[in-house]
Amino acid sequence: MTLEHYSEKPIPMEIKACLFDLDGVLVDTAVYHFKAWRKLANHLGFDFTEAQNEQLKGISRVESLNKILAWGNVEKTEEEKQQLATEKNEWYVAMISKMTPAEVLPGTVDFLTAIKKAGYKIALGSASKNSALILERTQIAHFFEEIVDGNLVSKSKPDPEVFFKGATLLEVQPSECVVFEDAVAGVEAAKRAGMKAIGIGSAEVLTQADLVVQNLGQLTIGHLQQLSEL
Ligand code: BG6
Ligand code: MG
């Protein structure tokens, strides 16, 4: 490089890998989580709203249960909580076992196809312990080189563990990753990992995201290139 081309501006880090949250980004499973948790709450003698359900997005099964029990002012032992979480999961699994490829969110398959063709590495970064079943039922498993889900991590989002693991498995630096997330906790996890974050949902809610869209169908490879330059 000659001196006239020298600039003190930091060299932009090129995005090489895409890490996708599952629920609410690739598929709309929130409705099934809501139905199953609500059934459990109703059995325990109380109810909760769809607005409260928003707070359960992105957090683990056990954390969701703790929040719901607090809303109902219900106290349970650890053993009872284990049983309740298992019961809810059985109802949830019965519902997601009937999912079809039609439940993949708009634009998702086209976007995944485009980034794969363009050579980006792709991993899943989800809190769910049911990701394998969902990916299989909706026929999008083949897009993912690595699956990091609730079975592999010990700390829930907003802890960055799930995304650090994804970057390590894909053999890229955190700064070379972009995360796609619908949950506030997930966007925070991505930023804490030193990654770019594309929010799926509302810009008023996902305030920490570098860019917010309604669904993956609104994104192009150009957006990823622009993120590299930020
Ligand atoms: C996240 C969902 O992806 O997975 C949460 O947004 C859910 O709502 C969490 O609690 C754990 O899912 P599962 O399938 O392991 O109960
Ligand atoms: Mg999500």
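That block above? That's the structure.
Residues numbered from 1 in each chain as written. Chains lettered and ligands numbered in written order. Predicted model: local features only at pLDDT ≥ 70, side-chain atom pairs only at ≥ 80, totals over all residues. Heavy atoms only, no water.

Caption draft 1: Structural view of the pairing of strand S4 (residues 177-181). Within S4, five of the five residues are buried, leaving the element largely enclosed by the surrounding structure. Of the pairings in the sheet, the one linking strand S1 (residues 17-20) to S4 comprises four bridges and is parallel in character. In the sheet register, Leu-19 faces S4, and the bridge partner there is Val-179. Sheet topology places S4 next to strand S5 (residues 196-200); four bridges connect them, and they run parallel. Each bridged residue has a counterpart across the sheet, and for Phe-180 the counterpart in S5 is Ile-198. Read from S4 through helix H8 (residues 184-192) to S5, the crossover connection turns out right-handed. (Buried < 20%, exposed > 50% of the residue type's maximum accessible area, 1.4 Å probe, protein only. Helix = DSSP H or I, 4+ residues; strand = E, 2+ residues; numbered from the N terminus. Pairing = 2+ DSSP bridges. Right-handed = clockwise from strand over helix to strand, strands pointing away.)

Caption draft 2: Summary view of the packing of aromatic side chains. As enumerated under the stated definition, the model contains six aromatic pairs in all. Here Phe-20 and Phe-111 contribute two aromatic rings whose centre-to-centre distance is 6.4 Å and whose plane-to-plane angle is 75 degrees, an arrangement assigned as edge-to-face. Residue Phe-20 is found in strand S1, and its partner Phe-111 is found in helix H5 (residues 108-117); the two are separated by 91 residues along the sequence. You'll find Phe-20 and Phe-111 in the same group, each marked buried. Aromatic pair Phe-48 and Trp-71: ring centres 5.4 Å apart, planes at 45 degrees, arrangement tilted. In this pair, Phe-48 sits in the loop between helix H1 (30-43) and helix H2 (50-54) while Trp-71 sits in helix H3 (residues 61-71), placing the two residues 23 residues apart along the sequence. For Phe-48, a relative accessible area of 3% gives the class buried. Taken together through their ring pairs, the aromatic side chains of Phe-20, Phe-111, Phe-144 and Phe-180 make up a single cluster. Sitting above the plane of the Tyr-92 ring, Lys-88 keeps its charged end 4.4 Å from the centroid. (Phe/Tyr/Trp six-rings, centres within 6.5 Å; stacked < 30°, edge-to-face > 60°. Lys NZ or Arg CZ within 6 Å of the ring centre and 35° of its normal.)

Caption draft 3: Looking closely at the site of ligand 1. Neighbouring residues of ligand 1: 15 residues in total, closest Asp-23, Gly-58, Ile-59, Lys-129 and Asn-130. For ligand 1, an oxygen atom lies 3.0 Å from a polar atom in the backbone of Leu-56. A distance of 2.7 Å separates an oxygen atom of ligand 1 from a polar atom in the backbone of Ile-59. In isolation ligand 1 has 390 Å² of accessible area, and contact with the protein removes 96% of it. Across the shell around ligand 1, the residue classes tally to four nonpolar, seven polar and four charged. Both of domain 1 (17-27 + 102-228) and domain 2 (30-96) provide at least three residues apiece to the shell around ligand 1. (Near = heavy atom within 4 Å. Polar contact = N/O pair within 3.5 Å; in protein donor to acceptor, adjacent residues only side chain to side chain. Areas by Shrake-Rupley, 256 points an atom, 1.4 Å probe, with all protein chains shown as cover. Nonpolar A, V, L, I, M, F, W, Y, C, P; charged D, E, K, R; others polar. Domains from an automatic or database assignment.)

Caption draft 4: Local environment of the packing of H1 against helix H4 (residues 78-96). As a packed pair, H1 and H4 sit with axes 9 Å apart at the nearest point and diverge in direction by 140 degrees. On the basis of their axis angle, the class for H1 and H4 is oblique. With respect to the hand of their crossing, H1 and H4 are arranged in right-handed fashion. Between H1 and H4, the contacting residues are Tyr-32, His-33, Lys-35, Ala-36, Trp-37, Lys-39, Leu-40 and His-43 on the first element and Leu-84, Glu-87, Lys-88, Trp-91, Tyr-92, Met-95 and Ile-96 on the second. Among the residues making up the contact of H1 with H4, the classes are represented as nine nonpolar, two polar and four charged. (Axes fitted to C-alpha atoms, helices over the stretch in contact; angles between N-to-C directions. Parallel < 35°, antiparallel > 145°, perpendicular 65-115°, else oblique. Left-handed = near helix turned anticlockwise from the far one by under 90°. Contact = heavy atoms within 4.5 Å.)

Caption draft 5: Looking closely at the state of the cysteines. Applying the stated rule across the entire model yields zero disulfides. Here Cys-18 is not disulfide-linked; the sulfur of Cys-177 is the nearest cysteine sulfur, at 8.6 Å. Judged by its relative accessible area of 0%, Cys-18 falls in the buried class. (Disulfide = S-S within 2.5 Å.)

Caption draft 6: Layout of the pattern of salt bridges. Taken as a whole and judged by the stated rule, the model has nine salt bridges. As a salt-bridge pair, Glu-176 and Lys-16 come within 3.0 Å of each other at their nearest N and O atoms. On the criterion of sequence distance, the pair formed by Glu-176 in the loop between helix H7 (161-170) and S4 and Lys-16 in the segment before S1 is long-range, its members being 160 residues apart. Classification of Glu-176 by relative accessible area gives buried; the value is 10%. By relative accessible area, which is 38% here, Lys-16 ends up partly exposed. (Salt bridge = Lys/Arg side-chain N within 4 Å of Asp/Glu carboxyl O.)

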